[in-house]
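Working through the structure, step by step
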Amino acid sequence: MHRDIESSDAVPWAGPNAAGELKWSAPLGTCSTTFQASDGMVLGLCTKYVGTEQKHKNPLGLDTVVPSVVLFDPDTAQPLATLELKKTSLLGGVYGYLDEHDKVVIAEGADVLNVGHRFENGKWRLSVDKRVSLGLPAGASLGGLAPDGAGRAWFVTKNATIGVIDGGRISTLPLSKAPGGETIANGLTGRPNGMSVLTSHSLNEVEYSGGKITLKWRRDYDRGSARKPGQLSWGSGTTPTVFGPNGKWEAIVDNADGSPNLIVVDAQTGKDVCVMPAFTTGGPGTENSLMASGNSLWIPSSYGFTYPPLAVEGKASPALAPFTGGLARIDVVPTENGVACERRWEKPRKIETLPILTEQDRTIWSLSTDPSRLRVDLVGVSADTGDEVARRQVGTLPVDMPLQLTGMITPDGAYWQGTATRMLRLK
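Now for a look at the structure at hand. (Residues numbered from 1 in each chain as written. Predicted model: local features only at pLDDT ≥ 70, side-chain atom pairs only at ≥ 80, totals over all residues. Heavy atoms only, no water.)

It is worth spelling out the overall build of the protein chain at this point. Within the protein chain, the secondary structure is distributed over zero helices and 33 strands. Here the C-alpha radius of gyration of the protein chain, 20 Å, is about what a compact globule of 427 residues would show, namely 22 Å. Projected onto the principal axes, the alpha-carbon positions of the protein chain cover approximately 65 × 55 × 40 Å. Nonlocal contacts in the protein chain, meaning residues at least 24 apart in sequence, comprise 54% of its contacts between residues at least 6 apart. Summing over all exposed atoms, the protein chain offers an accessible surface of approximately 16800 Å²; the carbon and sulfur share of this is 53%. (Helix = DSSP H or I, 4+ residues; strand = E, 2+ residues; numbered from the N terminus. Rg over C-alpha atoms; globule rule 2.2 N^0.38 Å. Contact = heavy atoms within 4.5 Å. Areas by Shrake-Rupley, 256 points an atom, 1.4 Å probe, with all protein chains shown as cover.)

Below is the structure:
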């Protein structure tokens, strides 16, 4: 979902041609995350609005809001095959990944599935090639999956237990220490031999050795007094981002009342490198992960963004706020006493999908809407200056509401992006 093991939300190639050809399909749902396999085929983690394949159907023979894996034609963007999964938690169907064998690794209930794609008897099909039952307590809800540097699959539960699948061995470690308990509502970030995981109260670094998970360090953060409008849960809305020389630092944004803080810590020790307001003029909150390249971070604001009611947890305070957007760049720079964080710029950019940084042309890409004209545009912003450098209408409201979904830019410059009803491909 966040492009690489360090959750940089950046790719080393150039972005799309804004004047390219737009193709689209209607996968009968919304696709939160998109991958490209080594054979060029495109796979999406999608939520179908109405499903027909599951056994636990209602009396009408249908099911609603069904997580699915969809295989798309890389040239036409048309769906070629769909595999519906059992309904579980929201994040269980969002935070998956594509492994080194081109298998989609995704949660279904308390199981971890490896979903493969192949061309057989004249048509494409998707199949569950492997299923690992985690043996979790009844009612446990999986919240996401990610690989570590050794290729092992890690998982988290909603109630803040982290675990790893190591061959036939499954190891777990509860992370909840705060009074009243902790939850997990964000993705995992892979480490060479472990994971960085953010709970509703703390940033945690865990390692795996000798069949056992150990807590390397924990750093509590300010979660504020309530969920903010434009965030899905009460706590930080960011996935940890690893960046800097040899992955020296980790960064998150907390949920402090007023302006949240950017927190950069030493990845080895968890000790603070810097803490500073994430925004000075943008909306004071974010549900989007930070982009990173070199010693720089780019922080988008989602404060006030309206999510579907089923996606959010609990009441927001305030209940509503205008979505004005915002994008800030903050660099870690050397000083006489070590390093410090400096704000390079902050611009009023309305980012309505998880943005992607293309490093070759130093551009940040996302969808942005203009409700007054019912437009949905692909917008490119200079990573160096924050100025807009490209814009192209690719959709229309309300059918193409962006919903803060995750797009993808392939090495050949194709931009893939799910909206409320369509899958878009621009090249």
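Now that the structure has been shown, the text picks up again.
Attention now moves to the environment of Thr281. Positionally, Thr281 belongs in the loop between strand E22 (272-277) and strand E23 (291-293). Taking the C-alpha atoms as reference points, Thr281 and Thr324, 43 residues apart in sequence, are found 9.8 Å from one another.

With that settled, consider the pattern of salt bridges. Inspection of every chain in the model, using the stated rule, returns 27 salt bridges. Measuring nitrogen to oxygen at the nearest pair gives 3.3 Å for the salt bridge that ties Glu120 to Arg125. Judged by its relative accessible area of 32%, Glu120 falls in the partly exposed class. When its relative accessible area of 34% is taken as the criterion, Arg125 is described as partly exposed. The partner of Lys158 in a salt bridge is Glu313, and the shortest N-O contact between them spans 2.2 Å. Highlighted residues: Lys158 in the loop between strand E12 (153-157) and strand E13 (161-166) and Glu313 in the loop between strand E24 (296-300) and strand E25 (327-335), separated in sequence by 155 residues. The partly exposed category is assigned to Glu313, whose relative accessible area is 35%. Here the salt bridges share partners, and the residues they tie into one network are Arg329, Asp331, Glu342, Arg344, Arg362 and Asp384. (Salt bridge = Lys/Arg side-chain N within 4 Å of Asp/Glu carboxyl O. Buried < 20%, exposed > 50% of the residue type's maximum accessible area, 1.4 Å probe, protein only.)

This next bit is on the layout of surface pockets. Taken as a whole, the second largest pocket spans an internal volume of roughly 630 Å³. Considering the residues around the second largest pocket, the lining is formed by 27 residues, among which Met1, His2, Arg3, Asp4 and Phe35 are closest to the centre. If you list the elements that add at least two residues to the lining of the second largest pocket, you get strand E1 (10-11), strand E3 (29-36), strand E7 (97-98), strand E11 (142-147), strand E15 (188-191) and strand E31 (408-409). Residues belonging to the lining of the second largest pocket are distributed by class as follows: 17 nonpolar, eight polar and two charged. (1 Å grid on protein atoms, 1.4 Å probe; cavity = no way out; pocket = protein on both sides within 12 Å on 5 of 7 lines; lining within 4 Å. Points joined across faces, edges and corners; volume = space filled by probe spheres on them. Nonpolar A, V, L, I, M, F, W, Y, C, P; charged D, E, K, R; others polar.)

Here we take up empty space enclosed by the protein. Scanning the entire structure with this criterion turns up one cavity of 30 Å³ or more. Here the largest cavity is characterised by a volume of approximately 40 Å³. In terms of lining, the largest cavity is formed by Thr183, Ile184, Ala185, Asn186, Leu198, Thr199, Ser200, Tyr221, Ser233, Trp234, Gly235 and Ser236. Among the residues forming the lining of the largest cavity, the class breakdown is five nonpolar, seven polar and no charged.

The next point concerns the state of the cysteines. Within this structure, the stated rule accounts for two disulfides. There is a disulfide in this structure between Cys31 and Cys46, and the S-S distance comes to 2.1 Å. Here Cys31 and Cys46 share a disulfide; its torsion about the S-S bond, 95°, makes the bridge right-handed. You can see Cys31 sitting in strand E3 and its partner Cys46 sitting in strand E4 (residues 42-51), a full 15 residues away along the chain. Assessed through its relative accessible area of 1%, Cys31 is described here as buried. Each disulfide pairs two cysteine sulfurs, and for Cys274 the partner residue is Cys341, the sulfurs being separated by 1.9 Å. Judged by the sign of its S-S torsion, about -60°, the cystine formed by Cys274 and Cys341 is left-handed. A residue pair is termed long-range when its members are at least 10 positions apart, and Cys274 in strand E22 and Cys341 in strand E26 (residues 338-347) qualify at 67 residues. Taking the relative accessible area as the measure of exposure, Cys274 reaches 11% and is therefore buried. Going through the protein chain in sequence order and numbering each bonded cysteine, the pairs you get are 1-2, 3-4. (Disulfide = S-S within 2.5 Å.)

So, about the sheet that holds strand E14 (residues 169-174). Judged by pairing direction, the sheet is antiparallel, and its four strands sit side by side in the order E11-E12-E13-E14 without closing on themselves. For this open sheet the edge positions go to E11 and E14, each flanked by a neighbour on one side alone. Direction aside, the axes of adjacent strands within the sheet are offset by 20° on average. Taken together, the four bridges between E12 and E13 define a ladder with antiparallel strand orientation. Opposite Ala153, over in E13, you have Ile165 as the bridge partner. (Pairing = 2+ DSSP bridges. Axes fitted to C-alpha atoms, helices over the stretch in contact; angles between N-to-C directions.)

Bringing the sheet that holds strand E30 (residues 388-396) into the picture now. As summarised here, the arrangement of the five strands in space is E1-E27-E28-E29-E30, forming an open sheet in which the pairing is mixed. Pairing within the sheet leaves two strands with one partner each, and these edge strands are E1 and E30. Pairing geometry for strand E27 (residues 356-358) and strand E28 (residues 363-370), over three bridges, is antiparallel. Looking across to E28, one finds that Thr358 is bridged to Thr363.

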